[in-house]
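Understanding the architecture of this molecule
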Amino acid sequence: MDQKTKITISDLNLHIGKQQILKNINLEIPEKKITVILGPSGCGKTTLLKSLNRLTDLYPEMKVTGNIMIDNDDILHTGEDITRLRQKMGLLSQRPYPLPMNIYNNVAFGLRISGRKKKRFLDKRVEHYLKMANLWDEVKDRLKDPASALSIGQQQRLCLARGLAVDPDIILADEPTSALDPISSEAIEKKFVELKQQYTIVMVTHVLRQARRIADYVVFMYLGEIIEQGTAEEVFDNPKEEITKQYLKGTFN
Amino acid sequence: MRRLRNIEEKFFRVLMFLSTSIIVIALTLIIVSILYKGLPSLTWEMISQTPKGGFYFGKEGGILNAIIGSLYLALASTILAFLIGLPVALMMNVHLVKHKKLVNAIRFFLDLLWGVPSIVYGAFGFTVMIYFGLKTSLLAGIFTVTLFIIPIMVRGMDEVLKTIPRGLMESALSLGSTSSEISYRIYIRQVISGLITSILLSFGRAIGDAASVLFTTGYTDHIPTALNQPTATLPLAIFFQLSSPIPEVQNRAYASALVLTIIILIISIASRYFSKRYQKNRIKN
Amino acid sequence: MVIGLIVVILLPFILGIGLYLKSTMLLENQSLFKLLFSSDWRPLAGKFGFLTFILSSVWVTVVSLLIAGPICLLTAIHLTQYAKTWVLRLMHPVIDILAGIPSVIFGVWGILIIVPFISDYLGPFLGKQVSGYSILAGSIVLAVMIIPFILNILIEVFKTLPDELREASLSLGATKWQTIKLVLVRKAFPGIISAFGLGVSRAFGETIAVLMVVGNVTTIPKGIFQPGYPLPALIANNYGEMLSIPMYDSALMLAALVLFIVVMLFNLGSRFAISQLEEKE
């Protein structure tokens, strides 16, 4: 590949007790592209995504070994503050989980906790990122409403705005459209294509057509292993492995 | 900024640790203090004899009347509550399972009943007793305590039955057995340990409660031989002896408290054992 | 089956109506308002003012919640967010056993430990001459009794919070503590209030343990070191004379009815809040 690599994962293994969830993951994720991690459910996609911003720390039963280099810093063994590190990455989960506060504070949350509390600054940022997530026009008159009052599609865009507001370089998305209606899904997909100008996007999905629509780079995982990886054309048009072919044909299992 | 928030977290973690410790310390203190005061006065005579003349002035005798009385009362009410409660719990989870709203309403009522203080049950039992012209008796006590533990029993069993996946029931139905056969066979075998836990919990409540029997059972030095006789109970034996000014009698109160505590601890351990078994055998859903 | 079910559904009403019927005798004679807001308690003269007892109950309940509430909240957070496996393995039986200990044992413990502690250490330390049998003693004993009850509900409340909410907050750069303080506690807030409400209803009706340590003096308490005389203690202490003084039984049944209604209201409110919470999920 000719472009720059943003994230380099080498020899990543993850165990829960005796069970191995991730096996020898070696992966390079290109900068400012959409990398899609594909695979049947239970293959470890989500766990891989969560180890990228060390949410795996939350579960003491998970044992992680190997290296994950982001901008030349090995985040698994970093001396840097984990909260800083997590702010480099915005996370979008399967279902939107708005924080229990109003719309404005949801977006301002990440800024506030890192100490930026000036109202004028926050106002500007909130507006900016809500616009970026295409939500501003719908909520500008009711910023003080609880976030839970929004529709689920709006909530997911709010979560996007919230994640963008901490100014990350990377967006991690875990099946971000699986709970959404087709129109909201399309809006998110379009947004992602737009956002890759500025951000490195890693998205987990099991919706094949979605992957075909937006992926630049594809990683296919099965039972905790990476079976195949390459550019979208390579993987979709000329898969090398038998399992990948089956999965792409939809004859899997 | 960063240091400040670290200090704040540390401070609260210390507080959390202290709070957790307080709870452990409180329990330890309770058990140790009861042991410390109760053991020296706990003799074989205490638990094998009924009160003799002058018992309440520190002379011979024991609290066998209260121990037996409490066991009678708790056993009878637990059995009654079980006989009334099991069908209700089964009905909620088998026959009415499709009427979710109704079942939830019943649960709501049971939870409300669970919250009613035992002294209110006691007062109510007393009014009923007077209304029917009854005297304080084992029967009146059983009636009151049964009412008091029914919600505990039913909700406990309901929580156990609730965890059985619908699929299990449906597969049993498709094998051709009728609805009530299922309810009495497969269900019970599956969750027997869970049910025993609820029964033990109810029994513990029944044997330990004082306020509900204060009005209704009366108190006597004899072991009751019929339902219409008054009966002594352990909690009241402790309560009455402790209000005596004579040190020997007070010491016996501590020994009686130790007896009750040991009974409760045995029930606790047994129900822990069964609830573990229940959780192990439980079908994962 | 059906009979059992009907009994269960009707029981709360039967309880209420039964007590009401018994207390009508008194209510026909004196106005409810006067009964509830007068502190003139002279049964022999036919004066039944409940104010002293109601205020004592309020004192004991509020102080016990002030003690138990923070302890439960902090412990619940500790156990659900921080604690290692061995702590959980220790705490589960501790909470269960504490929940199973009979009221009268708590009373004995109160007399053995709490009352002397107040009269011999805490009182003198604060420069007060006190007997120890006081609102404070009742509240401490009561607090320990309702701790397992509130704590179990709180643990459930915190357990039902979705992991993704924690993850969302952490991924925005919040520390664990910030996440707990700003997100989890806030999300759990209705559940926390309900747990406290149920704790109040439990505390308000508790009888024997409180009765044993609270002093039972018929004067309006003016501080936590003074003795009190809560409603349940009043009922329990006087059942003996109940039938020998005219109207006395009616008055005590009215006290039970008041108790029943207050407890029901707190229960209803809290359960309702919890059920609303569950439906939203």
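The structure displayed is predicted, hence computed values, not measured ones. (Residues numbered from 1 in each chain as written. Chains lettered and ligands numbered in written order. Predicted model: local features only at pLDDT ≥ 70, side-chain atom pairs only at ≥ 80, totals over all residues. Heavy atoms only, no water.)

A few words on the overall build of chain A. Scanning chain A from N- to C-terminus turns up 10 helices and 10 strands. Here the C-alpha radius of gyration of chain A, 18 Å, is about what a compact globule of 253 residues would show, namely 18 Å. By principal-axis analysis of the C-alpha atoms, chain A measures approximately 55 × 40 × 35 Å. Looking at chain A residue by residue over its 253 residues, the buried ones come to 55%. (Helix = DSSP H or I, 4+ residues; strand = E, 2+ residues; numbered from the N terminus. Rg over C-alpha atoms; globule rule 2.2 N^0.38 Å. Buried < 20%, exposed > 50% of the residue type's maximum accessible area, 1.4 Å probe, protein only.)

On to the overall build of chain B. Within chain B, the regular secondary structure consists of 12 helices and 0 strands. Nonlocal contacts in chain B, meaning residues at least 24 apart in sequence, comprise 73% of its contacts between residues at least 6 apart. With an accessible surface of roughly 13,200 Å², chain B has 67% of that area assigned to carbon and sulfur atoms. (Contact = heavy atoms within 4.5 Å. Areas by Shrake-Rupley, 256 points an atom, 1.4 Å probe, with all protein chains shown as cover.)

Of the voids in this model, the second largest pocket is the one considered here, and its volume is about 1,400 Å³. Thr80, Gln81, Tyr82, Ala83 and Lys176 of chain C are the residues nearest the centre of the second largest pocket, which is lined by 46 residues in total. The set of elements that each furnish at least two residues to the lining of the second largest pocket consists of α2 (82-87) of chain A, α1 (2-38) of chain B together with α3 (51-82), α4 (85-100), α6 (135-160), α7 (163-171) and α8 (176-205) of chain C. Among the elements that take part in the lining of the second largest pocket, α1 of chain B stands out by supplying 10 residues, more than any other. Split into classes, the residues belonging to the lining of the second largest pocket amount to 23 nonpolar, 10 polar and 13 charged. (1 Å grid on protein atoms, 1.4 Å probe; cavity = no way out; pocket = protein on both sides within 12 Å on 5 of 7 lines; lining within 4 Å. Points joined across faces, edges and corners; volume = space filled by probe spheres on them. Nonpolar A, V, L, I, M, F, W, Y, C, P; charged D, E, K, R; others polar.)

Moving on, we come to the sheet that holds strand β8 (residues 200-205) of chain A. All names here are of chain A. Taken in spatial order, the 6 strands of this open sheet run β6-β7-β8-β3-β9-β10, and their pairing is mixed. Looking along the sheet, the strands with just one partner apiece sit at the ends: β6 (89-92) and β10 (225-231). Averaged over neighbouring strand pairs, the angle between their axes works out to 15° when direction is ignored. Judged from the 4 bridges that link them, strand β3 (residues 34-38) and strand β9 (residues 217-222) form a sheet pairing that is parallel. Looking at β9, one finds that Thr35 is bridged to Tyr217. In the packing of helix α10 (residues 242-249) onto the sheet, the strands contacted are β3, β9 and β10, and the crossing angle to β9 comes to about 105°. (Pairing = 2+ DSSP bridges. Axes fitted to C-alpha atoms, helices over the stretch in contact; angles between N-to-C directions.)

It is worth spelling out unusual backbone geometry at this point. Residue and element names in this part refer to chain A. A positive phi is found at Asp71, a non-glycine position, where the angle reads about 50°. By secondary structure assignment, the location of Asp71 is in the loop between β4 (62-70) and β5 (73-74). Among the residues examined, Asp71 registers a relative accessible area of 38% and is labelled partly exposed. Even without a glycine there, the phi angle at Glu175 is positive, about 45°.

The subject of this paragraph is helix α1 (residues 45-52) of chain A. When you tally the buried positions in α1 of chain A, you get 6 out of 8 residues, the bulk of the element. In the stretch just after α1 of chain A, Arg54 of chain A is the one whose phi turns positive, near 60°.

In this section: helix α7 (residues 182-195) of chain A. Since the α-helix advances by 3.6 residues per turn, residues separated by three or four positions end up pointing in the same direction. All names here are of chain A. The end-to-end C-alpha distance of α7, which contains 14 residues, comes to 20 Å, matching closely the 20 Å that a straight helix rising 1.5 Å per residue would cover. Those residues of α7 that sit buried are Ser184, Ser185, Ile188, Glu189, Lys191, Phe192 and Leu195. Seen along its axis, α7 keeps its buried residues to an arc of 160°; they face one direction. In this structure, α7 carries Pro182, Ile183 and Lys190 as exposed residues pointing more than 90 degrees from its buried face. (Expected span 1.5 Å × (residues − 1). Arc of directions from axis to C-beta.)

A separate point is the pairing of β4 of chain A. Residues and elements named next belong to chain A. Pairing analysis gives 8 bridges linking strand β1 (residues 5-16) to β4, with the strands arranged antiparallel. Bridge pairing in β4 links Ile9 to Ile68. Where β4 and β5 come together, 2 bridges link them in antiparallel fashion. Paired with Met69 across the strands is Asp74, a residue of β5.

Time to look at the environment of Ala108 of chain A. Residues and elements named next belong to chain A. For Ala108, the location among the structural elements is in helix α3 (residues 103-113). Relative accessible area serves as the criterion here: at 0%, Ala108 is assigned to the buried category. Taking the C-alpha atoms as reference points, Ala108 and Gly66, separated by 42 residues in sequence, lie 35 Å from one another. Residues contacting Ala108, with those up to four places away along its chain left out, are Leu122 and Val126.

So, on to the domain arrangement of chain B. Residue and element names in this part refer to chain B. Assigned domains within chain B: domain 1 (2-41) and domain 2 (46-281). In this assembly, 7 residues from domain 1 lie in contact with 8 residues from domain 2. Of the roughly 640 Å² buried between domain 1 and domain 2, counting both surfaces, carbon and sulfur atoms make up 79%. When the area that domain 1 buries against domain 2 is broken down by residue, the three leading residues are Ile34, Lys37 and Ser41, summing to 64%. Our enumeration of links across domain 1 and domain 2 arrives at 0 salt bridges. When grouped by side-chain class, the residues that make up the side of domain 1 that touches domain 2 number 4 nonpolar, 2 polar and 1 charged. (Domains from an automatic or database assignment. Buried area = accessible area lost by both parts, 1.4 Å probe. Salt bridge = Lys/Arg side-chain N within 4 Å of Asp/Glu carboxyl O.)

Residues and elements named next belong to chain B. As a packed pair, helix α5 (residues 118-131) and helix α6 (residues 138-162) sit with axes 9 Å apart at the nearest point and diverge in direction by 140°. Taken together, the axes of α5 and α6 lie oblique to each other. Relative to α6, α5 is oriented so that their crossing is right-handed. When α5 is examined against α6, the residues Ser118, Tyr121, Gly122, Phe124, Gly125, Val128 and Met129 are found in contact with a partner set consisting of Ala140, Phe143, Thr144, Leu147, Phe148 and Pro151. Class assignment for the residues of the contact of α5 with α6 results in 9 nonpolar, 4 polar and no charged. (Parallel < 35°, antiparallel > 145°, perpendicular 65-115°, else oblique. Left-handed = near helix turned anticlockwise from the far one by under 90°.)

So, on to the confidence of the model for chain B. Residues with a pLDDT of 70 or more make up 87% of chain B, whose mean pLDDT is 83. Reported for the predicted complex are a pTM of 0.89 and an ipTM of 0.89. (pLDDT = per-residue confidence, 0-100.)

Moving on, we get to the sheet that holds β4 of chain A. If you trace the 4 strands from one edge of the open sheet to the other, you get β2-β1-β4-β5 (chain A), paired in antiparallel fashion. The open sheet is flanked by β2 (19-30) and β5 of chain A, the only strands paired with a single partner.

What follows is about the packing of aromatic side chains. As enumerated under the stated definition, the model contains 18 aromatic pairs over all chains in all. Between the aromatic rings of Trp41 of chain C and Phe53 of chain C, the centroid separation amounts to 4.8 Å while the plane-to-plane angle is 75°, which identifies the pairing as edge-to-face. Separated by 12 residues along the polypeptide, Trp41 of chain C in strand β1 (residues 41-42) and Phe53 of chain C in helix α3 bring together distant segments of the chain. Look at Phe53 of chain C and you get buried, because its relative accessible area is 0%. Of the aromatic side chains, those joined through ring pairs into one cluster are Trp41, Phe48, Phe50, Phe53, Tyr229 and Tyr248 of chain C. The ring of Tyr104 of chain A has Lys144 of chain A lying over it, and the distance from NZ or CZ to the ring centre is 4.5 Å. In this structure, Arg202 of chain C is placed above the aromatic ring of Phe149 of chain C, and the distance from its NZ or CZ to the ring centre is 4.2 Å. (Phe/Tyr/Trp six-rings, centres within 6.5 Å; stacked < 30°, edge-to-face > 60°. Lys NZ or Arg CZ within 6 Å of the ring centre and 35° of its normal.)

Moving on, we get to the environment of Leu234 of chain C. Residue and element names in this part refer to chain C. Its location among the elements puts Leu234 in helix α10 (residues 231-237). The spacing of Leu234 and Asn216 is 18 residues in sequence and 8.0 Å in space, taken between C-alpha atoms. When neighbours within four sequence positions are excluded, Leu234 is seen to be in contact with Trp41, Phe50, Phe53, Tyr229, Leu252 and Ala255.

Moving on to the pattern of salt bridges. According to the stated counting rule, one finds 25 salt bridges over all chains in the structure shown. A salt bridge links Arg155 of chain B to Asp158 of chain B, with the shortest nitrogen-to-oxygen separation between them at 2.8 Å. Linking Arg155 of chain B with Asp158 of chain B, this pair stays in helix α6, spanning 3 residues, or about one helical turn. Of the two residues, Arg155 of chain B and Asp158 of chain B, neither departs from the other in class, the shared state being buried. The network of salt bridges with common partners includes Arg107, Asp111, Arg155, Asp158, Glu159 and Lys162 of chain B together with Arg271 of chain C.

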